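Structural description and commentary
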Amino acid sequence: MSGTATDSAHVLWADAAAELAGLRTLWPKEVPHRAPEPVAGPGLAETLSHWAATRPDSIAMSYYGWTSTWGQLERDVAATAGWLAGRGVREGARVGVFMGNCPQFVHAFLAIAWLGAVYVPVNPMYRTEELRHQLTDSGASHLIAHPQSRSLVEAALAQIADTIDVTWTDPAAVFISTTAHAVGPDAGAEPAAVPSADLPHPIPAAEEAGDWDRVLASAQVAPIPADPDRLASLNYTGGTTGLPKGCEHTLGHLAYTAVSAMAGLATAPGRDRTVCLGFLPMFWVAGENFGLLLPIFAGGEVAIMARWHPQTALRSIAERGVTQIVSPADGYVELIDLLRTTEFSDVDLSSLEICQAVSFVRKLDADLRSEWRELTGTVLREASYGMTETHTSDSFTLGLQEGDRDLQAEPVYCGFPVPGTDIVIVDADLDPVPVGEIGEILVRSPSVTTGYWKNPKATSDTLIDGWLRTGDTGRFDDQGALTYLARTKEMIKVNGMSVFPAEVESLLRAHPGIDTVAVAPRDDADRGQVPVAFVVTVAGAAVDADSLTSWAKENMAVYKIPEFVLVDGMPMTATGKIRKTVLLEELMEGDQ
């Protein structure tokens, strides 16, 4: 696209967005056309203090029987911030959080914001090389992790010793820079009783929880005043051109994400009772939105689950009076199966008001919606369109379920943009296409990333005048509602998790026995897709599929580990690109 065309493109896109808005006669009257204002401005610290002052005894978070009020949460966060500040965390410092869901995750997330530092969530399934890359790329000076990750983190830090210095002071420690403290029950993965039994399990007494109690006994410090334009988080996303990139998000982005999502749910900060079931991984931007930002800005409660467990989910909904749940569609199938058993037939789910499905492996359909409504009395609807670059929650489907018209769209109906967000569809020349035609999805909103961390080329390739080129394809219907059609061609979806071939290829090239590698998707009935790595080995290398698998298990998250196929050479195009489709065809033929 020429510079002149680029300069004028945003005008055409804005006009197209306005035309689409004019088609939305089905816009629900409960949903405002403007997002509500945060009750205390965009600051996380100010919002926490507001709720601590106005509802100090209300529950802010719960965890398998343990609870914390807003008043207690403010004190704990101020103390955690004091402890971090005493160990060198200053405004602008990048702080990695390498943990699963637990109360200390919430403390860490808010304490980092309290100090004006930058939150860097790290996938707790990462292995050594992935962790090393993210710590190095982000320039993180501090790291918070579960004690179970000790050996893995030590291996990563050994490669970047000049960047992060960790001294272990307790054999069951998790660490921040040169000091350590413990997190959660039994190193935080999940109370041992939960996988085999569905009863809630309390957090251990302080003397059993390592030295986290000493962290909370630290001197409290005052928060850094909020600046909506201040960098608040680096949320890492995969990509088609290499290893994950950090998406820069400001305090203003986080606040808008929360209040616009509330608007799309026909609620507002502090107006309605809000209890979110928080089992989506909090490191993941969707889990951050629905398990952290939405309940924080709403002044509600997050009922934290360390991970998905359907029996525990049902009991948590009943016991905590959960009002909102977002789950992959597969999760609702599991809940329905339990609700049809004698044991759970009388469980009280009357508190549920908002039930949203995410269509990953299993797609939300009319039968699933009907069964859920029969058993709970609530309407199950698709969650939203979104991605890490936009901080997710870019659309809503509330009120668009009449006659299951939303479920007729293939593959996923995403509805209308949330208030304040514009979405358009463009062709290969970046010109808007007519309603009904397929093209690339562009998004403009107050939460679109300001850029990729330390990657100006990727930023300039993706952002144009505040509009994000998503690389996704979609179309609008005659009501101005978005249907998402497909992710970027390169992306592989494994149980709903995004795997980019370029990232896996980059990781595998670090293996000394690999000469050439190409990663492509193979359809799988259970997981949706699985990555397959076609490998040409270095001459004379003693490498086979089993040894490569063992190496991969040490260096990448389990969902990224590919199936390995050793080949003698790669089929190439005339321009020198590997013909992955030919490799897959040959693999399929060999399986027959």
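Everything that follows concerns the structure shown earlier in this document.
A short tour of the structure in this document, coming up.

About the criteria used
Residues numbered from 1 in each chain as written. Predicted model: local features only at pLDDT ≥ 70, side-chain atom pairs only at ≥ 80, totals over all residues. Heavy atoms only, no water. Helix = DSSP H or I, 4+ residues; strand = E, 2+ residues; numbered from the N terminus. Buried < 20%, exposed > 50% of the residue type's maximum accessible area, 1.4 Å probe, protein only. Contact = heavy atoms within 4.5 Å. Areas by Shrake-Rupley, 256 points an atom, 1.4 Å probe, with all protein chains shown as cover. Lys, Arg positive; Asp, Glu negative; His and termini not counted. Salt bridge = Lys/Arg side-chain N within 4 Å of Asp/Glu carboxyl O. Phe/Tyr/Trp six-rings, centres within 6.5 Å; stacked < 30°, edge-to-face > 60°. Axes fitted to C-alpha atoms, helices over the stretch in contact; angles between N-to-C directions. Parallel < 35°, antiparallel > 145°, perpendicular 65-115°, else oblique. Left-handed = near helix turned anticlockwise from the far one by under 90°. Core = buried A, V, L, I, M, F, W, Y, C linked by side-chain atoms within 4.5 Å. Nonpolar A, V, L, I, M, F, W, Y, C, P; charged D, E, K, R; others polar. Polar contact = N/O pair within 3.5 Å; in protein donor to acceptor, adjacent residues only side chain to side chain. Pairing = 2+ DSSP bridges.

When you go through the protein residue by residue, the secondary structure sums to 17 helices and 26 strands. Buried positions account for 58% of the 592 residues belonging to the protein. Once local pairs closer than 6 in sequence are excluded, the contacts in the protein between residues at least 24 apart make up 71%. Carbon and sulfur atoms make up 50% of the accessible area of the protein, which totals about 23100 Å².

We now examine the side chain of R24. Position of R24 relative to the elements: it lies in the loop between α1 (3–22) and α2 (44–54). This buried residue, R24, is left without a salt bridge; D422 holds the nearest opposite charge, at 6.2 Å. In this view, R24 contacts F416, P417, F476, Q479 and G480; residues no more than four positions away in its chain are not counted.

Enumeration according to the criterion identifies 10 aromatic pairs in this entry. Between W27 and F396, the aromatic rings sit 5.1 Å apart at their centres with planes inclined by 85°, giving edge-to-face as the arrangement. Pair noted here: W27 is in the loop between α1 and α2 and F396 is in strand β15 (residues 395–396), with a separation of 369 residues, a long-range link. Of the two residues, W27 and F396, both sit in the buried class. Note on Y332 and W372: the rings are 4.9 Å apart at their centroids and 80° apart in plane angle, and the pair reads as edge-to-face. Of this pair, Y332 sits in helix α12 (residues 329–339) while W372 sits in helix α13 (residues 366–376), and the two are 40 residues apart along the sequence.

Now for the pattern of salt bridges. On inspection of all chains with the given rule, the structure shows 21 salt bridges. A salt bridge links E374 to R340, with the shortest nitrogen-to-oxygen separation between them at 3.6 Å. Of the two residues, E374 sits in helix α13 while R340 sits in the loop between α12 and β13 (354–358), which places them 34 residues apart along the sequence. Assessed through its relative accessible area of 55%, E374 is described here as exposed. Via salt bridges that share partners, R522, D524, R527 and E563 belong to a single interconnected network.

We now examine helix α11 (residues 310–320). Structurally, the α-helix is built with 3.6 residues per turn, so residues lying three or four positions apart point the same way. Listed in full, the buried residues belonging to α11 are P310, T312, A313, L314, S316 and I317. At the C-terminal side of α11, G321 shows a positive phi close to 65°.

For the rest of this paragraph, the subject is helix α5 (residues 128–138). For α5, the tally of buried residues reaches 10 of 11 residues, placing the bulk of the element in the interior. Those residues of α5 that fall on the buried side of the exposure criterion are T128, E129, E130, L131, R132, H133, Q134, L135, D137 and S138. Following α5 by one or two positions, G139 adopts a phi angle in the positive range, close to 70°.

Remark: helix α3 (residues 70–85) packs on helix α4 (residues 103–114), axes separated minimally by 8 Å, with the N-to-C direction vectors making an angle of 65°. The pairing of α3 with α4 is recorded here as roughly perpendicular in orientation. Considering only the axes of α3 and α4, their crossing is right-handed. Of the residues in α4, those touching α3 at L73, E74, D76, V77, A78, T80, A81 and L84 are V106, H107, L110, A111 and W114.

Residues L44, L73, F109, L110, L277, I325 and W372 are the most contacted members of the largest nonpolar core, which totals 90 residues. Looking at this core element by element, the count peaks at 9 residues for α4. Contact partners of L73, with chain neighbours within four places excluded, come to L48, A60, M61, S68, V106, H107 and L110. If you look at the next biggest cluster of nonpolar residues, it comprises 35 residues, including L143, A156, V519 and W551.

Take the environment of A79 next. Mapping A79 onto the fold places it in helix α3. Looking at A79, the relative accessible area reads 0%, which means it is buried. Aside from chain neighbours lying at most four places away, what touches A79 is V215, L216, S218, A219 and Q220.

Positive phi values are uncommon outside glycine, yet D404 reaches one of about 55°. With respect to the helices, strands and loops of the structure, D404 is situated in the loop between β15 and β16 (412–417). Unlike most non-glycine residues, D465 shows phi in positive territory, near 50°. Assignment of secondary structure puts D465 in the loop between β19 (463–464) and β20 (467–476).

Moving on: the packing of α2 against α4. At a closest axis distance of 8 Å, the pairing of α2 and α4 adopts a crossing angle of 115°. The segment α2 lies against α4, with L44, A45, L48 and S49 engaging F109, L110, A113 and W114. Looking at the contact of α2 with α4 residue by residue, the class counts come to 7 nonpolar, 1 polar and no charged.

Here the focus is the side chain of S62. As for its position among the elements, S62 is in strand β1 (residues 59–63). The exposure class assigned to S62 is buried, which follows from its relative accessible area of 4%. Within polar-contact distance, the side chain of S62 engages the side chain of E301 at 2.8 Å. Sequence-distant contacts of S62, defined by excluding residues within four places in its chain, comprise T67, E301, V302, A303, I304 and R320.

Glancing now at the pairing of strand β18 (residues 439–444). Along a regular strand, successive side chains alternate from one face of the sheet to the other. Of all 6 residues that make up β18, 5 are buried, and the element is covered over most of its length. As paired strands, strand β17 (residues 422–426) and β18 are joined by 5 bridges and run antiparallel to one another. Of the residues in β18, the one forming a bridge with V426 is E440. With 4 bridges joining them, β18 and β20 adopt antiparallel strand pairing. Its bridge partner lying in β20, E440 is registered against T473.

Here we come to the environment of W51. As for its placement among the helices and strands, W51 is situated in helix α2. W51 sits in the buried class, given a relative accessible area of 3%. Spatially, the C-alpha atoms of W51 and G270 are 8.9 Å apart, while their sequence positions differ by 219 residues. In contact with W51, other than residues within four places in its own chain, are V39, P56, W70, P269, G270, I296, F297, A298 and G299.

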